[in-house]
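# Structural features, examined
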Amino acid sequence: MKKLIALLLAGVMAISLTACGGQESSGTTAAADGGGTTAEADGGDDTAAADDGGSAAAGDAVYTIGLAAMLTGDNALNGERMQKSTEMAISQYNEAAGYEKFVLRVEDDMTTTEGALTAVQHLISDGCLAIVGPHRSSNALAVSETAQENEVSILVGGTAVSIDGSNPYMFRARASDSIMAEVAASFAGETLGAKKIGVMHASDEYGQGGADTVFAYCEENGIEYVDEPHNVNDVDFTNAILDLQTQGVDTVVVWTHDAELAIIAQQLNTYLPDVQVVSSPGATLDNVLNLCEADWVDGWYSVTDFISGADETVVQEFVAAYEEMYGETPDLYAAAYYGAAVTILEAVLAAEEAGEVTSQTVRDQIAATSGLELPTGTFTCDDVNDLVHSCVIAELDGLTPVYYDSVSVE
């Protein structure tokens with residue numbers, strides 16, 4: 001905790017984009033060939049990573065870390081937050097080292113499974129010790145075999161229950177839907193007093209996994225539910241909402257992606273304006289809220305990873321540092337992937353201290369993570385490689401997410 005706070009308070013350095021060649025270490029822990037460059041958001045042009053503490057001297061080890069981010073496609077804003085927070089973590093650790101100890105290679109996964117696979121293949125070929133991302137559950141599952149075959153760890157943000165720990169090189173840097181969707185269901189039942197819940201969800205790995213968790217809770221607790229699945233990229237949910245209206249649901253749990261969520265918000269406001277709503281994390285994001293009118297989501301609840309207004313010290317220090325560097329308030333993507341980046345950087349330092357830095361020793365140190373306090377909670381790796389075991393409930397005041405409660409799961 002003290003180490004992380006010291007990094008956050010160290011003063012945020014501006015990122016330099018001056019061109020330079022690859023920095024090679026003369027030690028046994030050198031980054032793989034091609035290290036020392038950062039791929040920018042265009043998905044491949046190389047420029048220098050942040051120059052936060054001067055150039056590496058002879059004998060100084062330099063390590064290459066990768067980022068597979070959604071820089072184009074329908075989640076580009078979220079991918080931008082992923083990149084900014086990862087760059088911030090690199091900047092802070094380089095400043096603490098006194099030289100450019102860590103360099104970042106960035107690849108655009110284009111928010112597709114094909115793009116994610118190509119991005120991860122490029123990052124592995126560039127010699128990255130470990131990789132932050134990709135984000136979506138489907139994309140994480142698409143690159144799982146490649147990461148395992150090459151023995152390179154990936155810290156993903158997909159929350160689907162189907163990411164089950166079977167790949168020893170895949171770690172989850174957010175709470176899984178087995179936590180978040182169950183919190184949503186229990187909040188609906190126990191706090192909101194729901195008697196009949198409509199579940200509107202995407203039919204992919206993410207949405208179906210969350211819905212199945214809600215169904216299980218309802219069955220265990222004697223709550224009626226109505227299943228309303230939809231395809232990814234659907235744009236009309238009128239029939240599903242009218243069915244929920246006919247069946248007399250008093251609460252709706254929505255577990256879907258950003259674009260669909262905004263449309264559902266509009267149509268629920270039209271046809272079921274008084275229904276209680278508990279949503280997946282997207283309801284707290286600018287990506288969704290920028291598409292909504294205040295009355296569409298006012299009074300909604302969202303189970304999410306992070307709310308900038310939470311009063312924990314580590315949250316407020318992260319928010320202050322991020323705002324100083326970028327002039328904007330961080331969201332869950334910024335917080336979650338900052339946590340992923342810090343976990344990798346701490347693992348590299350621990351492997352270095354133990355005497356050998358390889359992709360395998362870094363993997364082992366990530367697996368040994370315990371009690372690392374970060375903006376999205378305390379990171380401790382469990383037996384299925386999940387690092388986060390808590391979430392936050394937010395209440396929407398118009399278009400403003402307000403901290404409501406935190407929930408930890410043992």
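Let me begin by describing the structure that accompanies this report. All values reported here derive from a predicted model rather than from experimental measurement.

### Remarks on the sheet that holds strand β15 (residues 390–397)
The seven strands are arranged β9-β8-β10-β11-β12-β15-β16 in an open sheet whose pairing can be described as mixed. In this open sheet, the two edge strands, each paired with only one partner strand, are β9 (224–230) and β16 (400–408). This sheet shows a mean twist of 20° between the axes of neighbouring strands, independent of strand direction. Where strand β10 (residues 251–255) lies against strand β11 (residues 276–279), four bridges are found, and the strand directions are parallel. Opposite Val252, over in β11, you have Val277 as the bridge partner. Along the sheet face, helix α7 (residues 238–247) touches β8 (196–202), β9 and β10 and points at about 170° away from the line of β9.

### Some thoughts on the nonpolar core
With 88 residues, the main nonpolar core has Ile65, Phe102, Phe318 and Val348 as its most contacted residues. The element contributing the most residues to this core is helix α12 (residues 332–354), with 16 residues. Apart from residues lying up to four places away in sequence, Val348 is in contact with Tyr63, Ile65, Phe102, Leu129, Val357 and Val362. The next biggest cluster of nonpolar side chains, apart from the first, holds 25 residues, and it includes Val254, Ala265, Val275 and Trp296.

### A word on helix α2 (residues 76–97)
Since one α-helical turn is 3.6 residues long, residues separated by three or four positions face the same way. The first and last C-alpha atoms of α2 sit 31 Å apart over 22 residues, in line with the 32 Å expected at 1.5 Å per residue. In terms of residue burial, α2 counts as a mostly covered element, since 16 of its 22 residues are buried.

Analysis parameters
Residues numbered from 1 in each chain as written. Predicted model: local features only at pLDDT ≥ 70, side-chain atom pairs only at ≥ 80, totals over all residues. Heavy atoms only, no water. Pairing = 2+ DSSP bridges. Helix = DSSP H or I, 4+ residues; strand = E, 2+ residues; numbered from the N terminus. Axes fitted to C-alpha atoms, helices over the stretch in contact; angles between N-to-C directions. Contact = heavy atoms within 4.5 Å. Core = buried A, V, L, I, M, F, W, Y, C linked by side-chain atoms within 4.5 Å. Buried < 20%, exposed > 50% of the residue type's maximum accessible area, 1.4 Å probe, protein only. Expected span 1.5 Å × (residues − 1).

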